[in-house]
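One-letter residues, chain by chain:
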There are 2 protein chains.
Amino acid sequence: MKNFQSLTKGEMKSLYSTLTKEYEAAKAKGYHLDMSRGKPDTLQLNLSMDMLAQNPYDLIFTRKGTDVRNYGELAGVDEAKELFADLLGVKMNNIIMGGQSSLCLMYDAIAKALLLGVYGGAKPWGQQGPLKFLCPVPGYDRHFAICEQFGIEMISIPLSSTGPDMELVKQYVESDPAVKGIWCVPKYSNPSGYTYSAETVDAFAALKPAADDFRIFWDNAYLVHDHGEKKDELVNIFDACKKYGSEDMVYEFFSTSKITFSGAGLAVFAASENNVKFLLKQMGVQTIGYDKINQLRHVKYFKTADGIRAHMKKHADLIRPKFHGVLADLDRDLTGLGIGEWTRPNGGYFVSYDGLPGTAKRCVELCAEAGVKLTAAGAAFPYGIDPEDKNIRIAPTYATMEQLHQSIELFCLCQKMAALEVLMG
Amino acid sequence: MKNFQSLTKGEMKSLYSTLTKEYEAAKAKGYHLDMSRGKPDTLQLNLSMDMLAQNPYDLIFTRKGTDVRNYGELAGVDEAKELFADLLGVKMNNIIMGGQSSLCLMYDAIAKALLLGVYGGAKPWGQQGPLKFLCPVPGYDRHFAICEQFGIEMISIPLSSTGPDMELVKQYVESDPAVKGIWCVPKYSNPSGYTYSAETVDAFAALKPAADDFRIFWDNAYLVHDHGEKKDELVNIFDACKKYGSEDMVYEFFSTSKITFSGAGLAVFAASENNVKFLLKQMGVQTIGYDKINQLRHVKYFKTADGIRAHMKKHADLIRPKFHGVLADLDRDLTGLGIGEWTRPNGGYFVSYDGLPGTAKRCVELCAEAGVKLTAAGAAFPYGIDPEDKNIRIAPTYATMEQLHQSIELFCLCQKMAALEVLMG
């Protein structure tokens, strides 16, 4: 097919009419497919069943003899802290084990900052008038929803393949004390799949915030979620911070939601000892500790950080063909048409598609009418508003290969139709 | 032994000297006992091991076919909601399943009320200037710690064997819009063991708060924790509220921390549908759902509310001898001395001891010096201050019978010494 931009009006009309017939045919198939969320599929979940099948009598005592079935151990059991410290490249005293949701840890971190303040801050965030967060875009909708719920103004920062525009980040963070945080998914970013470069991580570590209570929310959700031919390398931000003495500026989040079970994994918080001590004092009023049996269950199953990495290879083997399938369909149907670009991530859960401006909502609508539910257009932007209305997040993991193929074929068809509608004016 | 109040100064002196010798002898035994917290003992925890030993392949799908290992089901799986609705005497739509800690649910409920407001409230609590909570005393130290952390002023309300002084509660709640809540442990109250009477529950339901966003925090932690000869009956507060149309005023909390595992049970929230809908909307930003495998694990093990009640009989059989032991020691050593009173609860986790004013701190100190750690004097009061310095919480469950006997003997000795010190001036 020719580049759409070079078609005459007449060619466009005729092409649109052909595509419409294809679309009606697809619609008649009565699809009922959901591509909206980055969920692991059943086979991935099955990978961790042996963890649940462990003898419960082996899951009672920690190595120092604490009965995990009883109250206590606010920060988590030592062996769990050690395992994830090792994986994240920090020390045991930098870790707090959370419940089963890292989203919940992030939400709570912000709620506590608002109500009680953070380490080194003179006042709680909530007592300082209007607040702002920087949001690299496209980004993770659930991050933005937290800011929106708490009335924190969001400022979009363009994200490229090396990370956020650090000139702009520096400018905001170093000039405006109302800027309290920035959302980052530094490896295989949701949804672009980009990994922050060493220079970007260094630029984060070098920030000298105007606020005494600014925090980088480093959501390292996809740290071990490689599945490409190559593997992206992310510099350890705490190592980078050492050079500048800026360790207190970082809150890191991690979870096993896409390692073991999305509904029943472990969430992990990592930060400087100053932050950890300060937060544990606040947390001690909130809970007596999270589920320690589940902590021991994970530790005894994986044993080491390498155990987790080996397990992730099995996930990769299940995920890889799905990404290949999506990319093959996009390549075949859309290459050379001049109506869009898409990312080719080495890991993570998404492919990010940028169409012509003004096409995303229409494409999602067309897909929905034909029975394929995509992530809402604009979801990857603050307030759900994509200023150019061009970005769509594709989530390949949950669907079967067959469903995926059907969905992406339809997606390509709808992209072409939406593009033609824009080009025809 | 004679009533202490009738002793001459000389008799007191001589008795004190005898007791001091006994105390020194006890001290020489080098005890190292901890009676400070209401924790289940190992035998109680063992009661639920079969729950953990269930075949994990039976714990994958809910009855409507949802895979509990994946994301979703914000409010919890239907069968868990149904089980606890049945136990608490409400409907499934009145239930939200939490993580593993009801304390965490309470803390979060207050944090959300402060930052975002509650159903029917015009503004978030946090935007309304100084706030107040009513605190029946003696009460639960962890409740009070939440108010203290958030800077909510606490007002003590005397608690008797029928519940809080409802005249006083009504006066505060109906006149002062700054009063946003009251902490209640309505059955086998921590630490007194008192259960609110039907009249008390009715008086709660009949409240007409001055604030449009007042909530009763109904921490029904010991609903099924009977272990006495008799069983206290608590009126269902939601039933009571129906008469007055005041269901929206109540937040009920429950957990299986002292049914299955203190570190890995289930927490439950119950409220009107208005409250549940409103809170789920707030919660949807915080998490995608709590641990559903653990929910199914509990449901498949207990099956019905009666299953839970039958299980609690086994707990009662383990707990009962400990309470009998404590009461027998107190009766034998302190009856008729006129230096203290203690409760005889039919359930729950504590015995509450009121000594002579000015003796509690001293008694706790004497016990600690002889190797027996008690709950800090004053812990059952806001800000940790018992205005009469007379109340001590005794937690019989965690220690062995032998340890308990040693501890209570020492406690009685220290009570006598502390009383004599006060009486001798």
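Residues numbered from 1 in each chain as written. Chains lettered and ligands numbered in written order. Predicted model: local features only at pLDDT ≥ 70, side-chain atom pairs only at ≥ 80, totals over all residues. Heavy atoms only, no water.

Engineer: What's the story with the overall build of chain A in this structure? I'm lost.
Structural biologist: Check the secondary structure of chain A and you find 14 helices and 13 strands. Taking 22 Å as the expected radius of gyration for a compact globule of 425 residues, we find that chain A reaches 23 Å, a close match to that expectation. Dimensions of chain A along its principal axes, counting C-alpha atoms only, are 75 × 55 × 35 Å. Taking as baseline every contact in chain A between residues at least 6 positions apart, the subset at least 24 positions apart corresponds to 76%. (Helix = DSSP H or I, 4+ residues; strand = E, 2+ residues; numbered from the N terminus. Rg over C-alpha atoms; globule rule 2.2 N^0.38 Å. Contact = heavy atoms within 4.5 Å.)

Engineer: Hey, could you run me through the pairing of strand S4 (residues 153–160) of chain A in this one?
Structural biologist: Along any regular strand, the residues point their side chains to alternate faces of the sheet. Residues and elements named next belong to chain A. In terms of strand pairing, strand S3 (residues 132–137) meets S4 through six bridges, oriented parallel. Paired with phenylalanine 133 across the bridge in S4 is methionine 154. As for the winding sense of the linkage, the β-α-β connection from S3 through helix H6 (residues 141–149) to S4 is right-handed. Looking at chain direction, S4 and strand S5 (residues 163–164) are connected through two bridges and run antiparallel. Note that in S5 the partner of serine 160 across the bridge is glycine 163. Between S4 and S5, which pair antiparallel in sequence order, lie two residues. (Pairing = 2+ DSSP bridges. Right-handed = clockwise from strand over helix to strand, strands pointing away.)

Engineer: Is there a simple way to explain unusual backbone geometry in this structure?
Structural biologist: Peptide bonds are, in most cases, trans, and in most cases residues other than glycine have a negative phi. Residue and element names in this part refer to chain A. The step from valine 137 to proline 138 runs through a cis peptide bond, and the omega angle for that step is -5°. Its place among the elements puts proline 138 in the loop between S3 and H6. Despite not being glycine, lysine 303 shows a phi value in the positive range, around 65°. Inspection of the secondary structure puts lysine 303 in the loop between helix H11 (292–302) and helix H12 (305–334).

Engineer: Would you take a moment to explain the side chain of aspartate 291 of chain B for this structure?
Structural biologist: Here aspartate 291 of chain B is to be found in the loop between helix H10 (273–286) and helix H11 (292–302). Arginine 297 of chain B is the oppositely charged side chain nearest to the buried, salt-bridge-free aspartate 291 of chain B, at an N-O distance of 5.1 Å. A polar contact is formed between the side chain of aspartate 291 of chain B and the backbone nitrogen of isoleucine 293 of chain B, at a distance of 3.1 Å. Within the structure, aspartate 291 of chain B has its side chain in polar contact with the backbone nitrogen of asparagine 294 of chain B (distance 3.0 Å). Aside from chain neighbours lying at most four places away, what touches aspartate 291 of chain B is Gln100, Gly263, Ala264, Asp291 and Asn294 of chain A. (Buried < 20%, exposed > 50% of the residue type's maximum accessible area, 1.4 Å probe, protein only. Lys, Arg positive; Asp, Glu negative; His and termini not counted. Salt bridge = Lys/Arg side-chain N within 4 Å of Asp/Glu carboxyl O. Polar contact = N/O pair within 3.5 Å; in protein donor to acceptor, adjacent residues only side chain to side chain.)

Engineer: For this particular structure, what's the right way to read the confidence of the model for chain A?
Structural biologist: For any part of a model where pLDDT is low, the fine detail of the predicted coordinates should not be relied upon. Mean pLDDT over chain A works out to 97, with 100% of the residues at or above the 70 mark. The ipTM value of the predicted complex is 0.96, and its pTM value is 0.97. (pLDDT = per-residue confidence, 0-100.)

Engineer: In this structure, what is going on with helix H8 (residues 198–205) of chain A? I would like to understand it.
Structural biologist: For the α-helix, the turn length of 3.6 residues means that residues three or four positions removed from each other point alike. All names here are of chain A. Those residues of H8 lying buried are Thr200, Val201, Phe204 and Ala205. Taken down its axis, H8 places every buried residue within 140° of arc, on the same side. In this fold, the buried residues of H8 make contact with S5, helix H7 (166–175), strand S6 (179–184), strand S7 (215–219) and helix H9 (237–244). (Arc of directions from axis to C-beta.)

Engineer: Could you clarify how one ought to interpret the interface of chain B and chain A in this entry?
Structural biologist: Interfaces are frequently sized by the accessible area removed from exposure as the parts join. Contact residues are listed per partner, giving 54 residues for chain B and 54 residues for chain A. Interface area for chain B against chain A, summed over the two sides, is near 4600 Å², with a carbon-plus-sulfur share of 60%. When the area that chain B buries against chain A is broken down by residue, the three leading residues are Arg69, Tyr71 and Val285 of chain B, summing to 17%. Where chain B packs against chain A, one counts zero salt bridges. Counting across the chain B and chain A interface gives 20 residue pairs in polar contact (both at pLDDT 80 or more). Of all the secondary-structure elements, those providing two or more residues to the side of chain B that touches chain A are helix H2 (42–46), helix H3 (49–52), helix H5 (102–115), helix H6 (141–149), H10 and H11 of chain B. (Buried area = accessible area lost by both parts, 1.4 Å probe.)

Engineer: Sorry if this is basic, but what is going on with the pairing of strand S13 (residues 391–394) of chain B here?
Structural biologist: Residues and elements named next belong to chain B. By the alternation rule, side chains of S13 split into Asn391 and Arg393 and Ile392 and Ile394, which are all buried. Pairing analysis gives four bridges linking strand S11 (residues 351–355) to S13, with the strands arranged antiparallel. Within S13, the position partnered with aspartate 354 by the bridge is asparagine 391.

Engineer: What am I meant to see in the relation of the copies chain B and chain A here?
Structural biologist: Each of the two copies of the chain can be brought onto the other by a rotation about an axis and a shift along it. At an RMSD of 0.1 Å, chain B and chain A line up after a rotation of 180° and a shift of 0.0 Å along the axis. Interpreted geometrically, this transformation is the action of a two-fold axis. Interface overlap between copies is the fraction of interface residues in one copy that are interface residues in the other; for chain B against chain A it reaches 100%, indicating a shared surface. (Least-squares fit on C-alpha atoms with pLDDT ≥ 70 in both.)

Engineer: Would you take a moment to explain the sheet that holds S11 of chain B for this structure?
Structural biologist: Backbone hydrogen bonds hold the strands of a sheet together, and the pairing may be parallel or antiparallel. All names here are of chain B. An order of S10-S11-S13 is seen for the three strands of this open sheet, with the pairing classed as antiparallel. The strands lining the two open edges of the sheet, one partner per strand, are strand S10 (340–342) and S13. Mean inter-strand twist for the sheet, computed between neighbouring axes without regard to direction, equals 20°. Strands S10, S11 and S13 of the sheet are contacted by helix H12 (residues 305–334), whose axis makes an angle of about 15° with S11. (Axes fitted to C-alpha atoms, helices over the stretch in contact; angles between N-to-C directions.)

Engineer: Would you explain the packing of helix H4 (residues 78–88) of chain A against H12 of chain A in this entry?
Structural biologist: Describing two packed helices takes the angle between their axes plus the distance from one axis to the other. All names here are of chain A. In the contact formed by H4 and H12, the axes pass within 8 Å of each other and the chain directions differ by 65°. Relative to H12, the element H4 lies roughly perpendicular. On the side of H4, the interface is formed by Leu83, Phe84, Asp86 and Leu87, while H12 contributes Ala305, Ile308 and Arg309. (Parallel < 35°, antiparallel > 145°, perpendicular 65-115°, else oblique.)

Engineer: Help me understand the pattern of salt bridges in this model?
Structural biologist: A side chain of one charge can pair with a side chain of the opposite charge when the charged atoms of the two come close. Residue and element names in this part refer to chain B. Counted according to the given criterion, the structure contains 46 salt bridges over all chains. As a salt-bridge pair, aspartate 202 and lysine 243 come within 3.0 Å of each other at their nearest N and O atoms. A residue pair is termed long-range when its members are at least 10 positions apart, and aspartate 202 in helix H8 (residues 198–205) and lysine 243 in helix H9 (residues 237–244) qualify at 41 residues. On the basis of relative accessibility, which here comes to 61%, the residue lysine 243 falls in the exposed class. Its salt-bridge partner being glutamate 388, residue lysine 390 comes within 3.2 Å of it at the nearest N-O pair. Among the residues examined, lysine 390 registers a relative accessible area of 22% and is labelled partly exposed. Given a relative accessible area of 39%, glutamate 388 falls into the partly exposed group.

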